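Listed here are the chains, written in short residue letters.
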Amino acid sequence: GYIQFTALGTIPTAELSYQQVWIKAFTDEGAEALFTMWFYCDIAHSVLEVAPTEINTTMTRGESKTIDVTISNHGEAASGEITISLPDVDWMETVGQTTLPSIEVGETTTFTLRLSPDSTVPLTEHTGSIQISCESGNSVYLPYSIMAVSVANGALLVDVTDEFTTNTNGGNGP
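What you see is a predicted model, and the numbers here were worked out from it, not measured in a lab. (Residues numbered from 1 in each chain as written. Predicted model: local features only at pLDDT ≥ 70, side-chain atom pairs only at ≥ 80, totals over all residues. Heavy atoms only, no water.)

K.L.:
Please clarify how the overall build of the protein chain should be interpreted in this entry.
P.N.:
The helix and strand inventory of the protein chain stands at one helix and 11 strands. For 174 residues, the compact-globule formula gives about 16 Å, and the C-alpha radius of gyration of the protein chain, at 32 Å, lies well above that figure. Seen through its C-alpha atoms, the protein chain measures out along the principal axes to roughly 120 × 45 × 25 Å. In the protein chain, which comprises 174 residues, the share counted as buried stands at 26%. By sequence separation, contacts in the protein chain at least 24 residues apart represent 60% of the contacts at least 6 residues apart. Of the roughly 12100 Å² of accessible surface on the protein chain, a fraction of 51% belongs to carbon and sulfur atoms. For the protein chain, the centre of its 4 positive side-chain charges and the centre of its 22 negative side-chain charges are spaced 3 Å apart. (Helix = DSSP H or I, 4+ residues; strand = E, 2+ residues; numbered from the N terminus. Rg over C-alpha atoms; globule rule 2.2 N^0.38 Å. Buried < 20%, exposed > 50% of the residue type's maximum accessible area, 1.4 Å probe, protein only. Contact = heavy atoms within 4.5 Å. Areas by Shrake-Rupley, 256 points an atom, 1.4 Å probe, with all protein chains shown as cover. Lys, Arg positive; Asp, Glu negative; His and termini not counted. Charge placed at Lys NZ, Arg CZ, Asp CG, Glu CD.)

Below, the structure written as structure tokens:
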């Protein structure tokens, strides 16, 4: 046979050491057995996940672009206050607050990023990550790779010279 039981901790185990618990089992017939069980009690934590898991996009100078990011809690406890930490660039911001209220287990929340590059942002790839952290769980890093582009119009003058005809005998030149 087997014995089924549930152990419910009421306070977290001190330090990171398991606690030894002795269990004595006996039957009506008088048989006895002594078992050792190791027990560790930890606080329930939230586990945040984000979607998308990475941002790969373009941003056009002089135009604004928004990207929605969804945060989900797949842990065992409410997240506590959620903080969004952006890189130190002028062209990226959140629409609204960088602090979001707690989300319960199984719930989601969404925040919006706004990309607004001006004419001084270099036309190149910009990479980095956005940190999303909470009071009672893990931090999540949302990597990004954003290419700054331009739709500016201009004029291009192409001057073509046929050097073969002008400079070689095969082209009947000198």
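K.L.:
Honestly, the pairing of strand E2 (residues 32-39) in this entry has me stumped. Any pointers?
P.N.:
Examined bridge by bridge, strand E1 (residues 19-26) and E2 share eight bridges and lie antiparallel to one another. By the bridge assignment for E2, Gln-19 is matched with Phe-39. The turn joining E1 and E2, which pair antiparallel and follow one another in sequence, is formed by five residues; a positive phi near 105° is taken by Gly-30. (Pairing = 2+ DSSP bridges.)

K.L.:
What is the right way to look at the sheet that holds strand E4 (residues 55-60) in this model?
P.N.:
Backbone-to-backbone hydrogen bonds pair the strands of a sheet. The strands run either parallel or antiparallel. The mixed open sheet is built from five strands, whose spatial order is E4-E11-E10-E6-E8. Of all strands in the sheet, those with a lone pairing partner are E4 and strand E8 (99-100), marking the two edges. Across four bridges, the pairing between strand E6 (residues 82-85) and strand E10 (residues 125-134) is antiparallel. Bridging across to E10, Ile-84 finds its partner in Ile-132.

K.L.:
Looking at this model, I keep getting lost on the side chain of Ser-79. Mind explaining?
P.N.:
Within the secondary structure layout, Ser-79 lies in the loop between strand E5 (65-73) and E6. The class of Ser-79 is buried, set by a relative accessible area of 0%. Here Ser-79 is in contact with Ser-46, Leu-48, Asn-73, Ser-102, Ile-103, Cys-134, Glu-135 and Ser-136, once residues within four sequence places are set aside.

K.L.:
I tried to follow the side chain of Thr-109 on my own but got confused; where do I start?
P.N.:
Position of Thr-109 among the secondary structure elements: in strand E9 (residues 108-115). In this structure Thr-109 comes out as buried when scored by relative accessible area, which is 18%. In this structure, Thr-109 is in contact with Val-69, Thr-70, Ile-71, Ile-82, Leu-100 and Ile-103, ignoring residues within four places of it in sequence.

K.L.:
In this structure, what is going on with the sheet that holds E9? I would like to understand it.
P.N.:
Here four strands make up an open sheet; going across it, the order is E3-E5-E9-E7 and the pairing antiparallel. Only two strands of the sheet have a single partner each, and these edge strands are strand E3 (48-51) and strand E7 (92-95). Each neighbouring strand pair of the sheet contributes to a mean axis angle of 30°, computed without reference to strand direction. Relative to E5, E3 runs antiparallel, the two being bridged by four bridges. Pairing of Leu-48 across the sheet is with Asn-73, part of E5. (Axes fitted to C-alpha atoms, helices over the stretch in contact; angles between N-to-C directions.)

K.L.:
Hey, could you run me through the pattern of salt bridges in this one?
P.N.:
Applying the stated rule across the entire model yields two salt bridges. Notably, a salt bridge pairs Lys-24 with Glu-32, separated by 3.4 Å at the nearest N-O pair. Glu-32 matches Lys-24 in its accessibility class, with the two residues each being exposed. (Salt bridge = Lys/Arg side-chain N within 4 Å of Asp/Glu carboxyl O.)

K.L.:
I keep staring at the packing of aromatic side chains and nothing clicks. Help me out?
P.N.:
When we look at a pair of aromatic rings, we describe it by the centre distance and by the angle of the planes. On inspection of all chains with the given rule, the structure shows two aromatic pairs. A ring pair is formed by Tyr-18 and Tyr-40, whose centres lie 5.2 Å apart and whose planes are at 45°; its orientation type is tilted. Residue Tyr-18 is located in the segment before E1, and its partner Tyr-40 is located in the loop between E2 and E3; the two are separated by 22 residues in the primary sequence. For Tyr-18, a relative accessible area of 52% translates into the label exposed. (Phe/Tyr/Trp six-rings, centres within 6.5 Å; stacked < 30°, edge-to-face > 60°.)

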